[in-house]
Amino acid sequence: MIVVVDASVLVAELLRRRGRELFARPELHCLVAEDQWDKARHEIEKRVAVIVDQGRLTDVQGEELPGVVRAFVEGDAIEIVARRFYEHMEATARRRVPRDPADWAPVALALALGIGILTGDHDFLGCGCPTWTVETLLAELGPR
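These lines cover the structure that appears in this document, whether it is placed above or below. As the structure is a prediction and not an experimental result, all values here were calculated from the model. (Residues numbered from 1 in each chain as written. Predicted model: local features only at pLDDT ≥ 70, side-chain atom pairs only at ≥ 80, totals over all residues. Heavy atoms only, no water.)

Considerations on the overall build of the protein
Move 1: When helices and strands are counted, the protein shows eight helices and five strands.
Move 2: Along its sequence from the N terminus, the protein presents helices and strands in the succession β-α-α-β-α-α-β-α-α-α-β-β-α.
Move 3: Computed over its C-alpha atoms, the radius of gyration of the protein comes to 15 Å, within 12% of the 15 Å expected for a compact globule of 144 residues.
Move 4: Based on the C-alpha atoms only, the size of the protein along its principal axes is roughly 45 × 30 × 25 Å. (Helix = DSSP H or I, 4+ residues; strand = E, 2+ residues; numbered from the N terminus. Rg over C-alpha atoms; globule rule 2.2 N^0.38 Å.)

Right, here's the structure in full:
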């Protein structure tokens with residue numbers, strides 16, 4: 001199964017072991033739009049700092065986690081797709097996510113490939129692409 005991963009799911013799940021295990025499953029091929037990866041990388045650093053401030057990670061763990069996430073993505077668990085591949089769908093994608101046109105990139109990529117989007121964001125509903133939540137995707141893939 002191939003899915004485009006929205007930045008919010010990418011951030012939330014890359015910071016969890018469950019998510020990294022999901023993205024590493026061989027029967028799942030995850031794509032992320034270049035624009036979304038840039039957004040996700042920045043958000044991961046912010047969230048890790050908050051988690052450290054809350055005492056849920058040590059300073060050392062907080063320093064290491066963003067590198068673990070980058071290495072995981074760069075290790076081919078998630079394919080980053082260059083903007084030039086999906087930018088021709090930008091206008092259509094922006095029309096299809098009127099509540100948050102900034103979310104156009106995953107829609108454009110999904111439209112370009114004719115695949116679904118892994119998201120928890122209701123703004124993607126009705127965009128013309130199938131949408132998956134982490135829970136429904138886990139149920140569909142079944143136990144490891």
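A short note on the pattern of salt bridges
Move 1: What the rule picks out here adds up to 14 salt bridges.
Move 2: Its salt-bridge partner being R83, residue E90 comes within 3.6 Å of it at the nearest N-O pair.
Move 3: Where R94 meets E90, a salt bridge forms, and the shortest distance between an N and an O atom there is 2.8 Å. Remark: E90 and R94 occur in helix α6 (residues 90-96); sequence separation between them is four residues, near one turn of the helix.
Move 4: By relative accessible area, which is 35% here, R94 ends up partly exposed. (Salt bridge = Lys/Arg side-chain N within 4 Å of Asp/Glu carboxyl O. Buried < 20%, exposed > 50% of the residue type's maximum accessible area, 1.4 Å probe, protein only.)

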